[in-house]
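A closer look at the structure
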Amino acid sequence: MSPRARRSKHKYLLLLASLASGLLWSTLTLPVRAQEADGPYSTASISKLHAGFLHPPDDTRIMMRWWWFGPSATNEEIQRELEQMKAAGIGGVEVATMYPLALSDPAVGFHNYPYVSDEHIDHLRFAAEQARRLGLRMDVTLGSGWPFGGPHISATQAAGELRVEKVSPAPAAKSVAVPALEAGEKLIAAFLVSSESAETDMAGARSLPLPSGSRLNLPDEPGSSSVLFFISSRTGMMVKRAADGAAGFVLDHYDRDAIATHLHAVGDRLLLAFGDHPPYAVFSDSLEDYGSDWTPDLLVEFQRRRGYDLTPHLPALAGDAGPSTAAIRHDWGKTLSELADERFLMPIRAWAHQHHTLFRSQTYGFPPVTLSSNRYEDLPEGEGKATIRMWHDFSDTRWAASAGHLFRHNVISSETWTWLHSPSFRATPLDMKAEADLHFLQGINQLIGHGWPYSPPMAGEPGWHLYAAAAFNAHDPWFPVMPSLSAYLQRVSYALRLGKPANDVALLLPNDDVWASFAARIQKNRPATSLGGFDETGSNITIDESLPKFLGTDVIPQILDAGFNFDFLDADAINQLGIPYKVLILPGVDRIPVETYAKVLDFARHGGIVIATRRLPGTAPGYRNASEDTTRIGETSNQLFHGDVSTAHFVKDEQTLGASLRQWLPADFVTTSGVPEVGFIHRHLDTGDLYFVANTSNRAQRFEAAFRSAAKHAEVWDAFTGETVGIPDPHHVQLSLEPYESRLIFFSDTGLSPVRSEAPEQTNHIDLSHEWHVTFGENQSVDMQDLDSWADRSALRYYSGRAIYRKSVDIAPGDLQQHGSFVLDFGQGTPVPLPDPLPRFNMRAYLEGPVREAAEVSVNGKAAGVVWHPPFRVDVTPYLVPGKNEIVITVGNTAINEMAGFSTPNYRLLYDRYGVEFIPQDMQNLEPLPSGMLGPVTLIETRHAH
């Protein structure tokens, strides 16, 4: 590096440091105002709330992660796809540039171009211009694939690892060879340990002088011994799913120089595409820097932060070194978390603010960032785990929502539909709603769909897709109903931004116990010719992925099923913000900082409810002053749970936690019959209280619900239509929820929407299940005497697309009376049994609808509605005329049928050219799915009493 380049980089680092410390923030102008804890219209009148719900603002629309493969995008296709998104009710994109899916081919005019090349920047610039023209938000990922890194990251800035290598000397050997070191590696210590217990018992480990040459002399003493070498090393992890020209080492997330290098090489280049109109936000994907547990100056930083030298205690990181092992590991883990905050998150946010944009981040995973690390971002984001139990278990979705609630970020996003109903193109609109509702129940109010695959015309049907599900774009045959789904999701997102979150319970995350469990991995005689190839398995240097083991399986369901909702909280948040909840639960917590526990005691003394489960906190975290501080922890436990603090309780059996909670605090939402499949989330407004209630099961649920609100009036908000309807008795709310159906219920002392009359009804059913004329594409049609799946017909077995069903119906003039209505009913659908045991990725709607998979209904040439979710009905009253009526139903299935007729794609040459960057998941042995309108179809006439 030239002297001039070094000076330039030095200035760049100084700028990042000053920004990260807050010195320059006051001079920066962001594209939008920083988020407030109060949502919009928290003090708005009822009429304004209704108007906002009917026509929500554009910024509440869902977004899509837009995968650019190659990159190889062209301006023509960029414009077409952005216009398709706009028409579908999608409000914006996050551009994520991924691996190539096709080889460059001059014969057809197709080519890939390098990541952040001039051509790439030109196409990004065009996309940004088109997004602005269409009123779409545009974010950009600060890298290709994930985690951050690339060819600009040298081995000396690559992800760090503590390489612990065990070498067993030959019998009677006087010395052993020091493991060969590569670029980015440094030998920091060596210890003699017993060979028999070298992987577990470190209590007798003895430090050896570091050699000046290539061999380490062994002490002359009897017994079988091994040598543990501790090396400041690199994981060797490469960027996953990298684009053309973006492959390289993952950067060291504990090294400020490494992130500065990345921001200069990638971030500055990407922002050239936006000119004077920066992206709404820059994005950091989930942190998956597996195995990274070290950085070259960690010993120095550890000494400065923890007050003692880690070097003589290094064996405790790899095995049991005695009673202090957990305390030393705790201090190591805490240091890693602090470095990740200060050297990765803070510099990126500072850089983003310098460039007048916001920092959106999935702040969880590896390195071990904490819940409180989310205070260093502008827009927290979670991620679904593709399981139907995600809302009843620990999840990164609730982690992000909790952080948003704590750190006053009103808009909280989640990566939604990852691995939904695999493989790609299998997921349906009902699948999408079923998962989205689980995110809403946890506090999410901005959905980032995973995802929209860019696909050029040359790719044919159904086009390109990511290796992992799901895929949502205009190539899905059911896509014409996307505006209906988008409108539902937009209205719920809007509603869940109103007012403030109203969760009663905080669940303390035992970060200090998790840090104390961290361990370095011992490698046996690893080949000295390379870094050994990266292995992402076995590392436990993570907070969030370790937490399920510490929280157990009972606490979260007990809270939810008892009629409460909750947020996560950690010790750093308590120290900074206090405890802004009615209840604090300590789930089996052992280690807790003295300062934090004092605040917990003060909370209880001022009326807050504190519940410890399984055991009482008994250990102070950390190595220094451990004995004195642990004594203070014990004293605080005695004051809380054995003194005169009446609001502190110990619950040994966590399966009784829910019943105990109800004794100490009235439930917020209770169903008379006890329906654990129905969840809720509560927002408080100055004008009332808003609840979102969702049936997460594939069975209809009918029950009476009691809400904590004592308001005089209540109404239902229909997120599909935007209508509001009064509820007769706000204190005894009768709810009937079809499978995967939801409601928004608003309570207020102010007058609300009128109640609809419940007059007696008389119904007449007209069977329309026979004699339909059905057209497929341009050249094929059949007359269906009885409705069935078109995939059962040999000529249509592999047909994916849309089919048009036509039928005429006569309506007597007298039947179209003023007090009557006509509903087209398609049936109830069939529940699908849940697999036992559930596979790892099991998120889907376990209901097969009577229309596979979605339909548009028109009557006499006028659009009447769409069918894709329960109840599978469309009100056609306004469109009927006396006499003959033409009913047209256009049904779209999934792309799976067409894909089942293909051979598996051959990527041999693509892999030869770029390496194996992906392997398509679950694409083997595809079979066509039932498709079309399956029946029965009934026209139901209802006559209302005058």
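Residues numbered from 1 in each chain as written. Predicted model: local features only at pLDDT ≥ 70, side-chain atom pairs only at ≥ 80, totals over all residues. Heavy atoms only, no water.

Right, let's get into the overall build of the chain. Along the chain, the regular secondary structure elements total 20 helices and 47 strands. Against the globule reference of 30 Å for 946 residues, the chain gives a C-alpha radius of gyration of 30 Å, in line with a compact fold. Taking the principal axes of the C-alpha coordinates as reference, the chain spans close to 110 × 80 × 55 Å. Taking all 946 residues of the chain together, the buried fraction comes to 60%. Considering only intrachain contacts with a sequence separation of at least 6, the fraction spanning at least 24 residues in the chain is 81%. Once the 79 positive and 111 negative side-chain charges of the chain are each reduced to a mean point, those two points are 5 Å apart. (Helix = DSSP H or I, 4+ residues; strand = E, 2+ residues; numbered from the N terminus. Rg over C-alpha atoms; globule rule 2.2 N^0.38 Å. Buried < 20%, exposed > 50% of the residue type's maximum accessible area, 1.4 Å probe, protein only. Contact = heavy atoms within 4.5 Å. Lys, Arg positive; Asp, Glu negative; His and termini not counted. Charge placed at Lys NZ, Arg CZ, Asp CG, Glu CD.)

The next thing to look at is the side chain of serine 709. Summarising the element assignment, serine 709 is placed in the loop between strand 29 (701-707) and strand 30 (713-717). The buried category is assigned to serine 709, whose relative accessible area is 10%. Only 3.2 Å separates the side chain of serine 709 from the backbone nitrogen of alanine 711, close enough to count as a polar contact. (Polar contact = N/O pair within 3.5 Å; in protein donor to acceptor, adjacent residues only side chain to side chain.)

If the charged atoms of two oppositely charged side chains come close together, the side chains can form a pair. Evaluation of the coordinates by the stated rule reveals 47 salt bridges. Aspartate 139 is the partner of arginine 360 in a salt bridge, and the nearest nitrogen-oxygen pair spans 3.1 Å. On the criterion of sequence distance, the pair formed by arginine 360 in strand 14 (residues 358-361) and aspartate 139 in strand 3 (residues 137-141) is long-range, its members being 221 residues apart. According to the relative accessible area criterion, arginine 360 is buried, its value standing at 1%. Using a relative accessible area of 0% as the deciding quantity, one classes aspartate 139 as buried. Residue glutamate 185 is joined to arginine 163 by a salt bridge in which the shortest nitrogen-to-oxygen separation is 2.8 Å. With a gap of 22 residues between them, glutamate 185 in the loop between strand 6 (175-177) and strand 7 (186-194) and arginine 163 in strand 5 (residues 160-167) connect regions that are remote in the sequence. Residue glutamate 185 is classed as buried on the basis of its relative accessible area of 11%. The network of salt bridges with common partners includes Asp297, Glu301, Arg304, Arg305, Arg306, Lys334, Glu338, Glu342 and Arg343. (Salt bridge = Lys/Arg side-chain N within 4 Å of Asp/Glu carboxyl O.)

What follows covers unusual backbone geometry. With an omega of 0 degrees, the peptide bond running from aspartate 836 to proline 837 counts as cis. Within the fold, proline 837 resides in the loop between strand 39 (830-831) and strand 40 (847-848). In this structure, arginine 408 is a non-glycine residue whose phi angle is positive, near 65 degrees. With respect to the helices and strands, arginine 408 occurs in the loop between helix 9 (396-406) and strand 17 (413-416). For arginine 408, a relative accessible area of 47% corresponds to the partly exposed category. Phi angles above zero are rare outside glycine, and asparagine 925 is one such case at about 55 degrees. Secondary-structure assignment places asparagine 925 in the loop between helix 20 (908-914) and strand 46 (932-933). Look at asparagine 925 and you get exposed, because its relative accessible area is 74%.

Enumeration according to the criterion identifies 38 aromatic pairs in this entry. On the numbers, 5.7 Å between centres and 80 degrees between planes, the contact of tryptophan 452 with phenylalanine 479 is edge-to-face. Taken together, the residues span a long stretch of sequence, with tryptophan 452 in strand 18 (residues 446-453) and phenylalanine 479 in the loop between strand 18 and helix 11 (482-495) at a distance of 27 residues. Exposure class is identical for tryptophan 452 and phenylalanine 479. Each is buried. Aromatic side chains phenylalanine 776 and tryptophan 790 sit 5.3 Å apart centroid to centroid with 80 degrees between the ring planes, which places their arrangement in the edge-to-face category. Of this pair, phenylalanine 776 sits in strand 35 (residues 770-776) while tryptophan 790 sits in the loop between strand 36 (780-786) and strand 37 (802-811); the two residues are 14 residues apart in sequence, bridging distant segments of the chain. For the pair phenylalanine 776 and tryptophan 790, a shared accessibility class is recorded, and that class is buried. Connected via pairs of aromatic rings, a cluster forms that spans Phe69, Tyr99, Phe110, Tyr454, Trp464, Tyr907, Tyr911 and Phe918. (Phe/Tyr/Trp six-rings, centres within 6.5 Å; stacked < 30°, edge-to-face > 60°.)

Now for the confidence of the model for the chain. Per-residue confidence for the chain gives a mean pLDDT of 93, with 93% of residues at or over 70. In this model, residues 1-8 is a region of pLDDT below 50 whose contacts with residues beyond four sequence positions or in other chains number two contacts. Within the model, pLDDT remains below 50 along residues 18-29, and this stretch shows 20 contacts once partners closer than five positions in the same chain are excluded. (pLDDT = per-residue confidence, 0-100.)

Summarising burial for strand 33 (residues 742-748): six of the seven residues are buried, a large majority. Relative to strand 33, strand 28 (residues 688-695) runs antiparallel, the two being bridged by six bridges. The residue bridging alanine 694 from the neighbouring strand is serine 742, located in strand 33. By the bridge criterion, five bridges tie strand 30 to strand 33 in an arrangement that is antiparallel. Looking at strand 33, one finds that alanine 714 is bridged to phenylalanine 747. (Pairing = 2+ DSSP bridges.)

Before going further, it helps to examine the nonpolar core. Formed by 253 residues in total, the largest nonpolar core has its most connected members in Trp66, Tyr805 and Ile889. Aside from chain neighbours lying at most four places away, what touches tyrosine 805 is Trp772, His773, Val774, Met784, Leu787, Trp790, Ile887, Val888, Ile889, Val891, Gly932 and Met933. With 17 residues, the next largest nonpolar core counts Phe680, Tyr691, Val733 and Ile745 among its residues. (Core = buried A, V, L, I, M, F, W, Y, C linked by side-chain atoms within 4.5 Å.)

Next up on the list: the sheet that holds strand 34 (residues 761-767). Taking strand neighbours across the sheet as the criterion, the four strands line up as 34-47-38-44 in an open arrangement whose pairing is antiparallel. The sheet terminates laterally at strand 34 and strand 44 (873-875), the two strands that pair on one side only. Averaged over all neighbouring strand pairs, the angle between strand axes comes to 25 degrees, with direction disregarded. Where strand 38 (residues 820-825) lies against strand 44, three bridges are found, and the strand directions are antiparallel. By the bridge assignment, aspartate 825 is partnered in strand 44 with arginine 873. (Axes fitted to C-alpha atoms, helices over the stretch in contact; angles between N-to-C directions.)

Below, the discussion takes up the packing of helix 10 (residues 429-441) against helix 11. Two numbers describe how helix 10 lies on helix 11: the axes approach to 11 Å, and their chain directions differ by 5 degrees. With respect to helix 11, the element helix 10 is oriented roughly parallel. Between helix 10, through Pro429, Met432, Lys433, Ala436, Asp437 and Phe440, and helix 11, the contact on the second element is made entirely by Met482, Leu485, Tyr488, Leu489, Val492 and Ser493. Here the contact of helix 10 with helix 11 is built from residues that sort into nine nonpolar, one polar and two charged. (Parallel < 35°, antiparallel > 145°, perpendicular 65-115°, else oblique. Nonpolar A, V, L, I, M, F, W, Y, C, P; charged D, E, K, R; others polar.)

The next subject is the environment of leucine 577. Within the secondary structure layout, leucine 577 lies in helix 15 (residues 571-577). Sequence-wise, leucine 577 and phenylalanine 407 are 170 residues apart; in three dimensions their C-alpha atoms are separated by 8.7 Å.

This part takes up helix 6 (residues 298-306). Every buried residue of helix 6 is listed here: Leu298, Leu299, Glu301, Phe302, Arg305 and Arg306. On an axial view of helix 6, the arc spanned by its buried residues comes to 160 degrees, and they lie on one face. Opposite the buried face of helix 6, at more than 90 degrees from it, the exposed residues are Val300 and Arg304. Buried residues along helix 6 sit in contact with strand 7 and helix 8 (325-354). Downstream of helix 6 by a residue or two, glycine 307 has a phi angle that is positive, lying close to 85 degrees. (Arc of directions from axis to C-beta.)

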